Amino acid sequence: MITRKSKREIEQMQAAGDVLVACHKAIADMIKPGVTTMEINDFVEKFLSEREATPEQKGYNGYPYAICASINDEICHGFPREEKLQDGDIVTIDMVVNLNGGLADSAWTYAVGEVDGVGKRLMDVTKTALYKGLEQAQVGKRIGDIGHAIQTYAEGEGFSVVRDFTGHGIGPTIHEDPHIPHFGLPNKGLRLKEGMVITIEPMINEGSWESQMDENNWTARTIDKGRSAQYEHTIVITKDGPLLTTDQDKE
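First, a word on what this report is: a plain description of the structure on this page. Note that this is a predicted model, so its numbers are computed, not measured.

Over its 14 residues, helix 4 (residues 143–156) extends 20 Å from the first C-alpha to the last, a length consistent with the 20 Å expected when each residue adds 1.5 Å. Here helix 4 lies mainly inside the structure; ten of its 14 residues are buried. Among the residues making up helix 4, those that are buried are Ile-143, Gly-144, Asp-145, Ile-146, Gly-147, Ala-149, Ile-150, Gln-151, Tyr-153 and Ala-154. Next to the buried residues of helix 4 lie helix 3 (117–134), strand 6 (160–161), strand 8 (176–180), strand 9 (197–200) and strand 10 (203–205). Of the residues one or two after helix 4, Gly-158 is the one with positive phi, at around 90 degrees.

Given below as structure tokens:
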């Protein structure tokens, strides 16, 4: 079932988004060679607790951590670990914040030290692809318009779009209908309506779009060891255009 959120619910989700944005900005200052993703996980737990918020994905279907930390060829749902980040790595930190029942979900890919030219371009294209999709998140548009905009741009830049994981509706639980693929045909799929809250979160790969699952049954990685990047926002569909509750650029 697809729910359309009330003004009060959207305000709660925005409050959660404000905490999430502050947390991501703090993480950006931490990312450097020698830091471990387990240290980042522990920092996030403390950061959220101090703000009376909780990491919503911890315990979700048994997931054990406050963040997902996906390094290089890991597409999503990477477990935090004690191994140190290396110069040249790229790492995606994904988290869902619950503040008084309002949820916010955002992933961001970070460069660790000096990343090579292809890695930087992968990150740039993935972030731009997200915003290409956001431009289509308008009342009256269809879900296929979002995926088509992302796919045509990313593939036009020589990269591939992961098919096995999608954006989704959010609130009051993490994953709700509708699914938001990052590929597809224009003017196809469900029509977007005012009050819907969704995530757009393209995962873009250097090589093949296909994924394989690690033995932990959570972490997905590329089949060819190519790197993967991801950027994600939580978006409210409004009559005035998409409202980003996780916007890191707003004052």
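Taken together, the side chains of Glu-39, Asp-42, Glu-82 and Glu-83 define an acidic patch exposed on the protein surface. Relative to the helices and strands, Glu-39 resides in helix 2 (residues 37–50).

Right, let's talk about the sheet that holds strand 13 (residues 228–230) for a bit. Across the sheet, three strands lie side by side as 6-10-13; this open sheet has antiparallel pairing. On the outer flanks of this sheet lie strand 6 and strand 13, each paired with one strand and no other. In this sheet, strand 13 lies alongside strand 10 in antiparallel orientation, the contact comprising three bridges. Residue pairing across strands places Asn-205 opposite Ser-228, the latter belonging to strand 13.

Right, let's talk about the side chain of Thr-245 for a bit. Along the polypeptide, Thr-245 turns up in the segment after strand 15 (241–244). For Thr-245, the contacting residues outside a window of four places in its chain are Met-13, Gln-14, Gly-17, Asp-18, Thr-234 and Val-236.

Time to look at the sheet that holds strand 12 (residues 220–222). Ordered in space as 3-12-11, the three strands form an open sheet in which the pairing is antiparallel. Strands at the two margins of the open sheet, each flanked by one partner only, are strand 3 (74–76) and strand 11 (211–213). Here the strands of the sheet are splayed against their neighbours by 40 degrees on average, with no regard to which way each runs. As paired strands, strand 11 and strand 12 are joined by three bridges and run antiparallel to one another.

Summed over the entire model, instances satisfying the criterion amount to 15 salt bridges. One salt bridge in this structure joins Arg-221 and Asp-73, with 3.0 Å as the shortest N-O distance. Within this pair, whereas Arg-221 is found in strand 12, its partner Asp-73 is found in the loop between strand 2 (68–71) and strand 3, the two being separated by 148 residues in sequence. Pair check on accessibility: Arg-221 and Asp-73 agree, each one buried.

This paragraph deals with the nonpolar core. Within the largest apolar cluster, 54 residues are counted, with the highest numbers of intra-cluster contacts made by Ile-27, Val-44, Ile-93, Met-95 and Ile-200. Not counting the four nearest positions on each side in its chain, Met-95 is found in contact with Leu-20, Cys-23, His-24, Ile-27, Val-44, Gln-57, Ala-66, Ile-67, Ala-104, Asp-105 and Ser-106.

Turning to its location among the elements, Tyr-131 is positioned in helix 3. Counting along the chain gives 91 residues from Tyr-131 to Thr-222, while the straight-line C-alpha distance between them is 23 Å. Other than its neighbours up to four places away in sequence, Tyr-131 contacts Trp-108, His-233, Leu-244 and Asp-249.

This brings us to the packing of aromatic side chains. A full pass over the atoms with the stated rule returns six aromatic pairs. A ring pair is formed by Tyr-63 and Tyr-65, whose centres lie 6.0 Å apart and whose planes are at 75 degrees; its orientation type is edge-to-face. Aromatic pair Tyr-63 and Phe-79: ring centres 5.5 Å apart, planes at 80 degrees, arrangement edge-to-face. Taken together, the positions of Tyr-63 in the loop between strand 1 (54–55) and strand 2 and Phe-79 in the loop between strand 3 and strand 4 (90–99) put the pair 16 residues apart, joining distant regions of the chain. Overall, the relative accessible area of 3% leaves Tyr-63 in the buried class. Ring-pair connections join several aromatic residues into one group, and the members of that group are Tyr-63, Tyr-65, Phe-79 and Trp-218. Above the ring of Trp-209, the side-chain terminus of Arg-163 is found at 4.9 Å from the ring centroid.

To continue, consider the packing of helix 3 against helix 4. Angle between the axes and distance between the axes: these two values describe a pair of packed helices. In the contact formed by helix 3 and helix 4, the axes pass within 8 Å of each other and the chain directions differ by 150 degrees. With respect to their mutual orientation, helix 3 and helix 4 come out roughly antiparallel. In the crossing of helix 3 with helix 4, the sense of the turn from one axis to the other is right-handed. In this structure, helix 3 contributes Val-125, Thr-128, Ala-129, Lys-132 and Gly-133 to the contact, and helix 4 contributes Ile-146, Ala-149, Ile-150, Tyr-153 and Ala-154.

Rules used in this analysis
Residues numbered from 1 in each chain as written. Predicted model: local features only at pLDDT ≥ 70, side-chain atom pairs only at ≥ 80, totals over all residues. Heavy atoms only, no water. Helix = DSSP H or I, 4+ residues; strand = E, 2+ residues; numbered from the N terminus. Expected span 1.5 Å × (residues − 1). Buried < 20%, exposed > 50% of the residue type's maximum accessible area, 1.4 Å probe, protein only. Contact = heavy atoms within 4.5 Å. Patch = residues over 30% accessible without salt bridge, like charges linked within 9 Å, V, L, I, M, F, W, Y side chains within 5 Å. Areas by Shrake-Rupley, 256 points an atom, 1.4 Å probe, with all protein chains shown as cover. Salt bridge = Lys/Arg side-chain N within 4 Å of Asp/Glu carboxyl O. Lys, Arg positive; Asp, Glu negative; His and termini not counted. Charge placed at Lys NZ, Arg CZ, Asp CG, Glu CD. Pairing = 2+ DSSP bridges. Axes fitted to C-alpha atoms, helices over the stretch in contact; angles between N-to-C directions. Core = buried A, V, L, I, M, F, W, Y, C linked by side-chain atoms within 4.5 Å. Phe/Tyr/Trp six-rings, centres within 6.5 Å; stacked < 30°, edge-to-face > 60°. Lys NZ or Arg CZ within 6 Å of the ring centre and 35° of its normal. Parallel < 35°, antiparallel > 145°, perpendicular 65-115°, else oblique. Left-handed = near helix turned anticlockwise from the far one by under 90°.

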